[in-house]
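Structural description and commentary
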Amino acid sequence: MVKQLCLQEIAYLDEINIAMSTSREFAMILRHRADRLDDARRSIMQTLNLIREHQFHARIATKDSFKRLLAIYYVGDIYTEHVPDFDGMQYMEVNNATV
């Protein structure tokens, strides 16, 4: 009975490991040299469509998602929901509220 439970636990942990390794996100930064903003947007949309044609999920990052990516990369914090625009802003807000 113990052997059977151990085998089931190993199978379950293997499933979790596979799920975690296949659910990774990657960031791609595209830099387009364009004289006009319309040319840059058109080029970015063409690149986005090309990525999607190859069965990858792609989107343009928002400001908050980009800040979260930087927080994960530099701080290693994957649990923070809100990242301030400037370091230490949370302490400034507390001090201003008490003054």
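Before going into details, it helps to say that this report is about the structure given with it. (Residues numbered from 1 in each chain as written. Predicted model: local features only at pLDDT ≥ 70, side-chain atom pairs only at ≥ 80, totals over all residues. Heavy atoms only, no water.)

1. A word on the pattern of salt bridges
- Counted according to the given criterion, the structure contains 2 salt bridges.
- Taking the shortest distance from any N to any O, the salt bridge between Arg 42 and Asp 39 comes out at 3.1 Å. Of this pair, Arg 42 and Asp 39 both sit in helix H2 (residues 37-53), 3 residues apart, which is roughly one turn of the helix.
- We classify Asp 39 as partly exposed; its relative accessible area is 30%.
- We note a salt bridge from Lys 67 to Asp 64, for which the minimum N-O separation is 3.8 Å. Placement of both Lys 67 and Asp 64 in helix H3 (residues 63-74) is noted, with a separation of 3 residues, approximately one turn of the helix.
- The exposure class assigned to Lys 67 is buried, which follows from its relative accessible area of 14%.
- Under the relative-accessibility criterion, Asp 64 is labelled exposed at 53%. (Salt bridge = Lys/Arg side-chain N within 4 Å of Asp/Glu carboxyl O. Helix = DSSP H or I, 4+ residues; strand = E, 2+ residues; numbered from the N terminus. Buried < 20%, exposed > 50% of the residue type's maximum accessible area, 1.4 Å probe, protein only.)

2. Remarks on H2
- Taking 1.5 Å as the rise per residue, H2 with 17 residues should run 24 Å; its terminal C-alpha atoms sit 24 Å apart, in good agreement.
- Gln 55, located one to two residues past H2, shows a positive phi value of around 65 degrees. (Expected span 1.5 Å × (residues − 1).)

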